[in-house]
There are 2 protein chains.
Amino acid sequence: MRILLANDDGIYSEGIYALYKKLTEIADVTVVAPITEQSAVGHAITVADPLRVVDFYKFGEFFGYGIKGSPADCVKIAISDIMDRKPDLVVSGINHGANLATNVIYSGTVSAATEGAMMGVRSVAVSLATKEKYDFTTSAEIGAYFAKYMYSSSLPDNAVLNINVPALSKERIKGWRFARQGNSKYLDTFAKRTDPRGGSYYWLTGEKVEIDVTPESDEYMVENGYVSVTPLMFDMTDYRMYDQLKDTEGKGEFS
Amino acid sequence: MRILLANDDGIYSEGIYALYKKLTEIADVTVVAPITEQSAVGHAITVADPLRVVDFYKFGEFFGYGIKGSPADCVKIAISDIMDRKPDLVVSGINHGANLATNVIYSGTVSAATEGAMMGVRSVAVSLATKEKYDFTTSAEIGAYFAKYMYSSSLPDNAVLNINVPALSKERIKGWRFARQGNSKYLDTFAKRTDPRGGSYYWLTGEKVEIDVTPESDEYMVENGYVSVTPLMFDMTDYRMYDQLKDTEGKGEFS
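Small disclaimer: the values here were computed from a predicted structure and weren't measured. (Residues numbered from 1 in each chain as written. Chains lettered and ligands numbered in written order. Predicted model: local features only at pLDDT ≥ 70, side-chain atom pairs only at ≥ 80, totals over all residues. Heavy atoms only, no water.)

**A few points about the interface of chain B and chain A**
- With 75 residues of chain B at the interface, the matching set in chain A holds 75 residues.
- Of the roughly 7,300 Å² buried between chain B and chain A on both sides combined, carbon and sulfur atoms contribute 64%.
- In this assembly, chain B and chain A are joined by four salt bridges.
- Counting across the interface, chain B meets chain A through 29 residue pairs in polar contact (both at pLDDT 80 or more).
- Looking at chain direction, strand E12 (residues 251-252) of chain A and strand E8 (residues 175-178) of chain B are connected through two bridges and run antiparallel. Bridge pairing in E8 of chain B places glycine 252 of chain A opposite tryptophan 176 of chain B. (Contact = heavy atoms within 4.5 Å. Buried area = accessible area lost by both parts, 1.4 Å probe. Salt bridge = Lys/Arg side-chain N within 4 Å of Asp/Glu carboxyl O. Polar contact = N/O pair within 3.5 Å; in protein donor to acceptor, adjacent residues only side chain to side chain. Pairing = 2+ DSSP bridges. Helix = DSSP H or I, 4+ residues; strand = E, 2+ residues; numbered from the N terminus.)

The following block contains the structure:
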């Protein structure tokens, strides 16, 4: 099995290193990841600037290509140029923090996986559902489990699984379940502050005001001790609305 | 009707100005847009840096708030802080260039609309399907048409319509149709070059290798002279795969 490993926390981060160690036990792993943190970049790609590729070594046992760009850039350049042939799988993570519910759309971790699927490579995004300092060993094992699962599955070449692991010891994790993206509600607020030169600036903050507690919601599962496994797609069409509008509203003319 | 107008080409761009002129004939318009071009930023939001808001005037008739941030940032800060109450509609555009098929996921224009929908405001993204210099008058009229359409429709608060206007004179546009996002295939390539100091860099290029020619594809419609209207959603769950996996694969345990 040949794996392309990317992330959005950056090539220096603990999560990618922990996952690398587990994945190299079962696969030939190429690491291509951003050289700086790229959280919340969504599915950004770099079109107006050049990309640089730098070699990155850690502890004499971890080698990767560092990219000054977004997670999606990393996957594009890895598959197009760095790797001599297409990998069997793209794995992204481990993200330090959950990628659940409506927040998935902001996720750089998920965008690396989605980009893989858009290039015809099945992909897995792995996130550990805590921002606190936490050991990545269990989530790395679970990430490797789903890499094997995806590799041996009959899912199509454009399949993406978004895995979120609760911050619990292995014994306390109850198992895994397929989930759908939850509909939790957030309230965005901005802290307004004054800089040392007297100028004002805003800083995004925000709080969850309502969690989606339906049993099949990804967030609810993770809260209840399960690993959530959500199949994602990169087609953003709202098919339900499309079918309804197509039939009831039909079409229009301007002149 | 109160409209929040945003874009990704930047507050200085011709497309937002043309759309502003048409929208102010039918609505009270607040402009909040990036101060620099933000194309291909996807659904990025700024979490690790402060945001600045600057006043922007043009020709004594156009006023807006310029944000050093992404299109999604603009919509977040506009609805949370700048506007005294929620707008009836978010309109994003006019983008100078199409946002069709699988490219929708990279679109800053679309992300501003999607962010509006996530905040409970119906949204319309408008793009003109050419990168060449082109007059925005017709696409601005069509954008205003769909702002009215959306305002008077009974679509839910989280509805997003992605409008793409062919680069044709008004007389040659055949009308509009509901569409789904097409499945066109692209080949990513990177030009590898050497900078003046001898370092190497890559620059993303790419070509369309296959266009989705099914009649309901957004791209095919625009190629055939129709305005495409695609309802989008921000839930990325692949429900078809979810239903299938949930039933056939069930669930798993780790211990």
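**Examining the sheet that holds strand E2 (residues 28-34) of chain B**
- The strand order across the open sheet formed by 10 strands is E12(A)-E8(B)-E11(B)-E7(B)-E6(B)-E5(B)-E1(B)-E2(B)-E4(B)-E3(B), and the pairing between neighbours is mixed. Unpaired on one side and paired on the other, E12 of chain A together with strand E3 (53-58) of chain B mark the two borders of the sheet.
- Note that E2 of chain B and strand E4 (residues 62-67) of chain B share four bridges and pair parallel. The residue bridging proline 34 of chain B from the neighbouring strand is isoleucine 67 of chain B, located in E4 of chain B.

**Brief notes about the UniProt feature "domain: Survival protein SurE-like phosphatase/nucleotidase" (unreviewed entry) in chain A**
- Feature annotation in UniProt assigns "domain: Survival protein SurE-like phosphatase/nucleotidase" (unreviewed entry) to the following positions: residues 3-186 of chain A.
- Regarding residues 3-186 of chain A, the helix share stands at 27% and the strand share at 27%, and the terminal C-alpha atoms are separated by 35 Å. (UniProt positions renumbered as here; feature names shortened; annotations may be inferred.)

**A short note on the packing of helix H2 (residues 71-82) of chain B against helix H3 (residues 108-118) of chain B**
All names here are of chain B.
- Contact geometry of H2 with H3 gives a least axis separation of 7 Å together with a crossing angle of 30°. In terms of axis orientation, H2 runs roughly parallel to H3. Considering only the axes of H2 and H3, their crossing is right-handed. Mapping the contact onto sequence places Pro71, Ala72, Val75 and Lys76 in H2 and Gly108, Ser111, Ala112, Glu115 and Gly116 in H3.
- Looking at the contact of H2 with H3, its residues break down into four nonpolar, three polar and two charged. (Axes fitted to C-alpha atoms, helices over the stretch in contact; angles between N-to-C directions. Parallel < 35°, antiparallel > 145°, perpendicular 65-115°, else oblique. Left-handed = near helix turned anticlockwise from the far one by under 90°. Nonpolar A, V, L, I, M, F, W, Y, C, P; charged D, E, K, R; others polar.)

**A short note on the relation of the copies chain B and chain A**
- The two copies are related by a screw motion: chain B maps onto chain A through a turn of 180° and a shift of 0.0 Å along the axis, at an RMSD of 0.0 Å. These values place the two chain copies in the arrangement generated by a two-fold rotation axis.
- A shared binding surface is used by both copies, with 100% of the interface residues of chain B retained as interface residues in chain A. (Least-squares fit on C-alpha atoms with pLDDT ≥ 70 in both.)

**Some points on the pairing of strand E9 (residues 185-194) of chain A**
Residue and element names in this part refer to chain A.
- Bridge count for E9 against strand E10 (residues 200-210) is 10 bridges, and the pairing is antiparallel. Bridge assignment links threonine 194 to a residue of E10, and that residue is serine 200.
- Hairpin connection from E9 to E10: five residues lie between these consecutive antiparallel strands, with glycine 198 at a positive phi of about 95°.

**Considering the nonpolar core**
- Counting 64 residues, the largest nonpolar core has Leu4 and Val75 of chain A together with Leu4 and Val75 of chain B as the members making the most contacts within it.
- Contributions of two or more residues to this core are made by strand E1 (2-6), helix H2 (71-82), helix H3 (108-118) and E10 of chain A together with strand E1 (2-6), H2, H3 and strand E10 (200-210) of chain B.
- Leaving out residues up to four positions away in the same chain, valine 75 of chain B has contacts with Leu4, Ala6, Val90, Ala112, Glu115, Gly116 and Met119 of chain B. (Core = buried A, V, L, I, M, F, W, Y, C linked by side-chain atoms within 4.5 Å. Buried < 20%, exposed > 50% of the residue type's maximum accessible area, 1.4 Å probe, protein only.)

**Some points on H3 of chain A**
All names here are of chain A.
- Counting buried positions along H3 gives 10 out of 11 residues, so the element sits mostly inside the fold.
- Listing the buried residues of H3 in full gives Gly108, Thr109, Val110, Ser111, Ala112, Ala113, Thr114, Glu115, Gly116 and Ala117.
- Sitting at the amino-terminal end of H3 is serine 107, which places a side-chain oxygen 3.2 Å from the backbone nitrogen of threonine 109.
- The first or second residue beyond H3 is glycine 120, which carries a positive phi of 85°.

**Details of the packing of aromatic side chains**
Residues and elements named next belong to chain A.
- According to the stated counting rule, one finds 30 aromatic pairs over all chains in the structure shown.
- Ring geometry for tyrosine 57 and phenylalanine 63: centres 4.8 Å apart, planes at 45°, overall tilted.
- On the basis of an interplanar angle of 65° and a centroid distance of 6.0 Å, the ring pair of phenylalanine 146 and tyrosine 149 is categorised as edge-to-face. In this pair, phenylalanine 146 and tyrosine 149 both sit in helix H4 (residues 137-152), three residues apart, roughly one turn of the helix. With respect to burial, phenylalanine 146 and tyrosine 149 carry one shared label: buried.
- Three or more aromatic residues link up through ring pairs in this structure, and these residues are Tyr12, Tyr17, Tyr20, Phe56, Phe59 and Phe62.
- Here the basic side chain of lysine 58 rests over the ring of tyrosine 17, its NZ or CZ set 4.8 Å away from the ring centre. (Phe/Tyr/Trp six-rings, centres within 6.5 Å; stacked < 30°, edge-to-face > 60°. Lys NZ or Arg CZ within 6 Å of the ring centre and 35° of its normal.)

**Here we look at H2 of chain A**
- Most of H2 of chain A sits out of view: nine of its 12 residues are buried.
- Among the residues of H2 of chain A, Pro71, Ala72, Asp73, Cys74, Val75, Lys76, Ile77, Ala78 and Ile79 of chain A are the ones counted as buried.

**Some details on the sheet that holds strand E8 (residues 175-178) of chain A**
- As summarised here, the arrangement of the 10 strands in space is E3(A)-E4(A)-E2(A)-E1(A)-E5(A)-E6(A)-E7(A)-E11(A)-E8(A)-E12(B), forming an open sheet in which the pairing is mixed. Pairing within the sheet leaves two strands with one partner each, and these edge strands are strand E3 (53-58) of chain A together with strand E12 (251-252) of chain B.
- As paired elements, strand E6 (residues 123-128) of chain A and strand E7 (residues 160-165) of chain A share six bridges and run parallel to each other. Pairing of valine 124 of chain A across the sheet is with leucine 161 of chain A, part of E7 of chain A.
- Taken strand by strand, H4 of chain A contacts E1, strand E5 (89-96), E6, E7, E8 and strand E11 (226-232) of chain A, and its axis lies near 160° from that of E7 of chain A.

**Points about unusual backbone geometry**
All names here are of chain A.
- Here the amide bond leading from glycine 93 into isoleucine 94 is cis, since omega sits at -5°, within 30 degrees of zero.
- Take isoleucine 94: it is sitting in strand E5.
- With phi around 65°, alanine 40 is a residue other than glycine that occupies positive phi space.
- Looking at alanine 40, the relative accessible area reads 12%, which means it is buried.
- One non-glycine residue with positive phi stands out, namely phenylalanine 59, at about 55°.
- Positionally, phenylalanine 59 belongs in the loop between E3 and strand E4 (62-67).
- Judged by its relative accessible area of 61%, phenylalanine 59 falls in the exposed class.

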